[in-house]
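Observations on chain architecture
The residues making up each chain are set out below.
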Amino acid sequence: MPFLELRQVTFSYPGKSNPAVIGIDLSLEKDGRTAIVGPNGSGKTTLTRLMIGILQPSGGEIYLEGCPLAGYSLAEIGGRIGYVFQNPDWQLFCSTVAEEVGFGLTNRGYDPQTVAEKVDFYLDYFELAAYRNVFPMYLSQGEKQRLAIAAVLANEPEFLILDEPTIGLDAYRKRLLEDYLHKVSRLGRGMLLVSHDVSFVNRMADRVVTMKNGCLESDRRERQYGL
Ligand SMILES: Nc1ncnc2c1ncn2[C@@H]1O[C@H](COP(=O)(O)OP(=O)(O)OP(=O)(O)O)[C@@H](O)[C@H]1O
Ligand SMILES: [Mg+2]
């Protein structure tokens, strides 16, 4: 059974005459690293928002492990699918960097000692330890991006959706992110990566889905794309 399955999914934003996504059929397995690529405005972000239930399809159905997504609460979906927004400013809301990383764990009832250990690990890995008591909005764009990713990864979700995760990351930090995502993947957890970054997609994805004008244009499982 696929982890996420979209059947003929269409979505239109209110007041817009053309749908942002049109008739999408797509199955994502629980493991594997799928990339979604395509030009600006082709519907990539919209599709991922539909997958986590913050938008509801105007047509078609979405299933999470065989059950209609509409039957899950946003909190239930959020507990299973980690989502990194295209813009980290939409995601960060705590008063310190450390709190941001530990928020999900605390919320899920982990004991303070475990939360502290995991927070330290993710702050170290993403080189944010020096900023642990800083207000997240004071970070640079690349630091905010690392924090948004660290905060989602710290929850160790079954499946990850990352929308343009390499934006603002320098080459070294991009490699660190790739290494970490490969590690997550080896643990059998799946991910969907939305990206314009060809080298990132080539190094990360084992399947590349291309969108154009709201439709799926191609779905390829070969390793190399766009070179
Ligand atoms: N909140 C919104 N209200 C109205 N229209 C929207 C909204 N968000 C996106 N759109 C429109 O929906 C279409 C698809 O946008 P979407 O953000 O999904 O594209 P994208 O492929 O993620 O683009 P990018 O590569 O620039 O991130 C575009 O035409 C966009 O203008
Ligand atoms: Mg987008």
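Sequence order as written defines the numbering, with residues in each chain counted from 1. Chain labels run from A onward and ligand labels from 1 onward, assigned in the order the entries are written. With the structure being a predicted model, the display of local features is reserved for residues of pLDDT at least 70 and the display and counting of side-chain atom pairs for 80 or more, all residues being used for whole-chain, interface and lining totals. Side-chain numbers here rest on the full set of heavy atoms in the structure, without hydrogens or water.

1. What about the sheet that holds strand β7 (residues 159–163)?
Keep this limit in mind: Note on pairing: two strands pair once DSSP finds at least 2 bridges between them. Runs of E in the DSSP output that reach at least two residues are strands. Runs of H or I that reach at least four are helices, and both are numbered from the N terminus. Angles here are taken between N-to-C directions and fall from 0 to 180 degrees, while the axes themselves are lines fitted to C-alpha atoms, restricted in helices to the stretch in contact. Whether two residues are in contact is decided by their heavy atoms, any of which lying within 4.5 Å being enough.
Read across the sheet, six strands follow the order β6-β7-β8-β3-β9-β10 without closing on themselves; strand pairing throughout is mixed. The outermost strands of the open sheet, each flanked by one partner alone, are β6 (81–84) and β10 (215–220). With direction set aside, neighbouring strand axes in the sheet form an average angle of 15°. When β6 meets β7, the two strands line up parallel, connected through four bridges. Looking across to β7, one finds that G82 is bridged to L160. In the packing of helix α6 (residues 171–186) onto the sheet, the strands contacted are β3 (33–37), β7 and β8 (190–194), and the crossing angle to β8 comes to about 145°.

2. Re the sheet that holds strand β1 (residues 4–11)
For sheets, the rule is that strands pair by backbone hydrogen bonds, running either parallel or antiparallel. Read from one edge to the other, the open sheet built from four strands follows the order β2-β1-β4-β5, with strand pairing classed as antiparallel. In this open sheet, the two edge strands, each paired with only one partner strand, are β2 (21–28) and β5 (67–68). Inspection of the sheet shows strand β4 (residues 59–64) paired to β5 by two bridges, in the antiparallel sense. Counted as the bridge partner of L64 is C67 from β5.

3. Section: unusual backbone geometry
Located in the positive-phi region is E164, a residue other than glycine, with phi close to 55°. Looking at the element boundaries, E164 is found in the loop between β7 and α6.

4. Some thoughts on the site of ligand 1
Note the threshold: One heavy atom suffices: a residue is near a molecule or strand as soon as one of its heavy atoms comes within 4 Å of it. Distance and chemistry together define a polar contact, namely a pair of N or O atoms within 3.5 Å, with one atom able to donate a hydrogen and the other to accept it when in protein, and with adjacent residues in sequence counting only for side-chain atoms on both sides. Computed with the Shrake-Rupley method and a 1.4 Å probe, the accessible areas treat only the protein chains shown as cover for residues. For this scheme, ten residues count as nonpolar: Ala, Val, Leu, Ile, Met, Phe, Trp, Tyr, Cys and Pro. Four count as charged, namely Asp, Glu, Lys and Arg, and the remainder, Gly too, count as polar.
Around ligand 1, the surrounding shell holds 13 residues, and the nearest of these are G41, K44, T46, Q86 and H196. Y13 is positioned such that a nitrogen or oxygen atom in its side chain is 3.4 Å from a nitrogen atom of ligand 1. N40 places a polar side-chain atom, nitrogen or oxygen, 2.9 Å from an oxygen atom of ligand 1. In the complex, the protein chains occlude 65% of the 640 Å² of accessible area that ligand 1 would expose alone. Split by residue class, the shell around ligand 1 holds three nonpolar, eight polar and two charged.

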